[in-house]
Amino acid sequence: MAKYSKSLLARGKKIKLLIMDVDGVLTDGKFYYVPLPDGGMLETKGFDSRDGLGLRLAHHYGIKTGIITGRGSPVIAARAKDLGIQFLHQNSLEKIGPYQEICAEAGVKDAEVCYVGDDLTDLPLLTRVGLGVCVANADKFVRKHSHFCTKNVGGSGAVREAIELILTAQGKWDDILKSYLHGDRSINLHHPAKKTQA
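My aim in this report is to walk through the structure given alongside it, one point at a time.

Calculation rules
Residues numbered from 1 in each chain as written. Predicted model: local features only at pLDDT ≥ 70, side-chain atom pairs only at ≥ 80, totals over all residues. Heavy atoms only, no water. Helix = DSSP H or I, 4+ residues; strand = E, 2+ residues; numbered from the N terminus. Rg over C-alpha atoms; globule rule 2.2 N^0.38 Å. Buried < 20%, exposed > 50% of the residue type's maximum accessible area, 1.4 Å probe, protein only. Contact = heavy atoms within 4.5 Å. Areas by Shrake-Rupley, 256 points an atom, 1.4 Å probe, with all protein chains shown as cover. Pairing = 2+ DSSP bridges.

## Section: the overall build of the chain
A count of helices and strands for the chain gives 8 helices and 8 strands. The globule rule puts the C-alpha radius of gyration for 198 residues at 16 Å, and the 17 Å found for the chain is close to it. Referenced to the eigenvectors of the C-alpha coordinate spread, the extents of the chain come out at roughly 55 × 35 × 35 Å. Among the 198 residues that make up the chain, the fraction classed as buried is 46%. Sequence-distant contacts in the chain: of pairs separated by 6 or more residues, those separated by 24 or more amount to 55%. On the chain, roughly 10,300 Å² of surface is accessible, and the fraction owed to carbon and sulfur atoms is 54%.

See below:
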């Protein structure tokens with residue numbers, strides 16, 4: 001049996017922009033508060049390294065990435081900067097406005113966007129984009145209205161699954177596997193615009 005349906009691959013083939021929620025998607029949805037010397041609290045989160053590699057691979061092949069999240073945190077900004085995520089909108093519980101801004105700046109249509117979410121606030125985008133992806137532990141109603149549900153839960157490589165789907169649809173994933181298997185260093189994860197010679 002094929003891993004992906006023909007209709008799903010057709011959707012993935014068109015994707016030029018990947019947008020993600022953070023809490024419950026790039027993280028497990030839990031918040032950790034660390035006491036500060038001045039009596040304040042620092043919010044921190046955990047991110048999955050497989051998602052990080054997946055995002056670098058997406059950038060290597062020219063896919064733009066963005067984040068729209070209902071919460072705001074310096075940790076999110078730091079992670080986005082570290083991975084080279086081009087678009088970041090925090091404190092955005094209503095996501096349509098930021099989504100339209102990102103699409104206009106990136107020069108893409110709805111059909112060329114993949115969105116990864118997990119909860120009801122993500123539904124307006126999941127049902128609008130060309131490829132709506134939810135994580136394995138997403139809200140049941142959200143799962144019903146997504147094109148693809150990952151096997152991994154949020155914060156445990158779910159975004160990587162979405163990227164694998166997209167790059168498979170675009171005929172790139174086998175090249176990635178061969179590159180790592182043979183160590184030919186044809187994939188440049190530090191400067192995506194500069195293609196390393198094999």
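## Section: the pairing of strand β6 (residues 113-117)
The element β6 is largely enclosed, with a buried count of 5 among its 5 residues. A two-sided burial pattern is seen for β6, the buried positions comprising Val113, Tyr115 and Gly117 on one face and Cys114 and Val116 on the other.

## Let's talk about the pairing of strand β3 (residues 41-44)
Taken together, the 4 bridges between strand β2 (residues 32-35) and β3 define a ladder with antiparallel strand orientation. Residue pairing for β3: tyrosine 32 is matched across the bridge by threonine 44.

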